[in-house]
Protein chains: 2
Amino acid sequence: MNFQRRKQKILDQLNSTGEVDIKKLAAELNISEITSRRDLNQLANDGLLYRTHGGAMKVDPLAKPHDFVNKSAQNSTVKDDICRKAAEHIIDGDIIFMDCGSTVFRLCQFIKNKKIKVITNSLPVIYELQNSAVSINIIGGELNSERQAVHGKMANEHISKYRAGKAFLGVDGISENGLFANSELEAEITQAYINQSTYTYVLCDAGKIGNETYLKFADINQVEAIITNAGDDKLDRFKDTALTIL
Amino acid sequence: MNFQRRKQKILDQLNSTGEVDIKKLAAELNISEITSRRDLNQLANDGLLYRTHGGAMKVDPLAKPHDFVNKSAQNSTVKDDICRKAAEHIIDGDIIFMDCGSTVFRLCQFIKNKKIKVITNSLPVIYELQNSAVSINIIGGELNSERQAVHGKMANEHISKYRAGKAFLGVDGISENGLFANSELEAEITQAYINQSTYTYVLCDAGKIGNETYLKFADINQVEAIITNAGDDKLDRFKDTALTIL
DNA sequence: TCAATTATGATTATTTTTGAACAAATAAGC
DNA sequence: GCTTATTTGTTCAAAAATAATCATAATTGA
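Just so it is clear, the structure is predicted and the values come from calculations on it, not from any experiment.

## Focus on unusual backbone geometry
All names here are of chain B. Positive phi, normally seen in glycine, also occurs at Asn 30, with a value near 60°. The topology assignment puts Asn 30 in the loop between α2 (22-29) and α3 (33-45). Although it is not a glycine, Gln 148 sits at a positive phi angle of roughly 50°. Within the secondary structure layout, Gln 148 lies in the loop between β7 (141-144) and β8 (149-151).

## Digging into the confidence of the model for chain A
The pLDDT averaged across chain A works out to 83; a share of 91% of its residues lies at or above 70. Confidence over residues 61-67 of chain A falls short of pLDDT 50; this stretch has nine contacts with residues more than four positions distant or in other chains.

## So, the pairing of strand β4 (residues 95-98) of chain B
Residues in a regular strand point their side chains to alternate faces of the sheet. Residue and element names in this part refer to chain B. Where β4 lies against strand β5 (residues 117-120), four bridges are found, and the strand directions are parallel. By the bridge assignment for β5, Met 98 is matched with Thr 120. Alignment of β4 against strand β9 (residues 164-170), held across three bridges, turns out to be parallel. Note that in β9 the partner of Met 98 across the bridge is Phe 168.

## Some words on the packing of aromatic side chains
All names here are of chain A. Evaluated as defined, the whole model comprises seven aromatic pairs over all chains. Ring plane angle 0° and centroid distance 4.6 Å describe the contact between Phe 168 and Tyr 201, whose orientation is recorded as stacked. Taken together, the residues span a long stretch of sequence, with Phe 168 in strand β9 (residues 164-170) and Tyr 201 in strand β12 (residues 197-204) at a distance of 33 residues. The exposure class of Phe 168 is buried, given its relative accessible area of 0%. Under the relative-accessibility criterion, Tyr 201 is labelled buried at 5%. Every member of this aromatic cluster is reached through a ring pair, and the members are Phe 168, Tyr 199 and Tyr 201.

The rules behind each value
Residue positions are given per chain, counted from 1 along the sequence in the order it is written. Going through the entries in the order they are written, you letter the chains from A and number the ligands from 1. pLDDT decides what is reported in this predicted model: residues at 70 or higher carry local features, side-chain atom pairs at 80 or more are listed and counted, and totals for whole chains, interfaces and linings draw on all residues regardless. Hydrogen atoms and water are omitted, and side-chain values are computed over all heavy atoms in the structure. Think of it this way: any DSSP run of H or I at least four residues long counts as a helix, any run of E at least two long counts as a strand, and we number them from the N terminus. For every residue, the predictor assigns a confidence score, pLDDT, that lies between 0 and 100. Here, two residues are considered to be in contact whenever any of their heavy atoms come within 4.5 Å of each other. Pairs of strands are assigned from DSSP output, requiring at least two bridges between the strands. Aromatic rings from Phe, Tyr and Trp, with only the six-membered ring used for Trp, were paired whenever their centres fell within 6.5 Å, and each pair was classed as stacked if the ring planes differed by under 30 degrees, edge-to-face if by over 60, and tilted otherwise. Exposed residues in this analysis have more than 50% of their type's maximum accessible area, buried residues have under 20%, and partly exposed residues fall in between, with area computed by a 1.4 Å probe over protein chains only.

Next comes the structure, spelled out in structure tokens:
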């Protein structure tokens, strides 16, 4: 029994039982304990298992935290309504920013056939638009795998090199006092998009309006329009602002 | 019993039992051990089996039990062999560049469990590594949808802001005269990676060696090592270079 | 036929693999 | 806290497999 074959057996057992024991392994494979220990060390070195005292464990099955598609299915008709309205403001030749919220993501389906350039930091947006009429620019930097988007200093710098006519942004909250986010990283990105676009649309469902959550990152007069499904009662609060409501 | 006939028998046995043993092989085929060893080495050189101490195994079963996308089955075992070798040079804590060739893509499966940072302009690499132990940095810029990779001026600038210990690159051709590419855009990106990495590995199968195609974009002494399955006959041409051959 | 190439085998040195012994580090029990 | 048992890392040696070298047999092509 050579190492390669043992390696297979060890990984097989690890896959089914989740852990292996040095002593048992030595007995089962008919090798000395030190050899089985060496096997495990080598496999651990290749990142194929976690070494423990007296044995080894499976590597974390990589808990998939965030399924973007599922999240984006929630409230889909409301979001789709908002996005359909937003798409009416996008015409061939436009250069637009799209950020990484689940609402903005749903805008993709309505712009696939438009001859526009999309600049985005959102991986789902990129996937969705990949084989379409849209030309894509990707914001570079550190990938936040949970949010499936690029964030951080490098991303902000990168955005500042682009300039677009329109930006389509999602927020976690909005009121007459400004825009709010749950995450500092996303707030910075959104702010960067605002700075570099001529006209900024905020896409938000009724639940976001009046929700002054965690971090205020921009004044309300920094954006030009909101696109929403909210009724007039909720939108009253914006009557003293220059905001266009769509 | 000539070599062709033995070769067939060896492969038959390998297919049915999954492994062969030098001693048994010598006895069964009535040849010396050294001859059966030579047979196995030749077959291994052709990528038809995986050589082990004392025998050989089928090529496939060594691949990780993990999911892996078998996109281009062509030459996949050869490419996997190359990538397996490459992965041995990547250790936890490394920061590496990966470019956008199909060979380099296959490296993903072997590094999923490593705690490293990957900087890449290749969308397939990003997808493949997205929910893994690997931390990802995306090179920003214009997406070339045909190649599923980011290219262009912005991408080159972006790369120049990073610095990595190792780069793993694919080429369309390589010889003692330098590195060759079929595309100007890819050549620029590859050159940028070379400039910003301390140690550069070129992954190439035997077919790429001596292929002086279209565009020469770098001298051979700009890279430190090539990882290949090619035999010594093909590698002779590098004997006057400082190249490390792995 | 004869030289040249190729395939095979034998010999030796080198490398790889494995196991044993023992000190150091770690976990477990009191 | 302390002691004890287990596990581990290190060093060394033996065994197996391999690579390298050379010699011999088979095959090829003029």
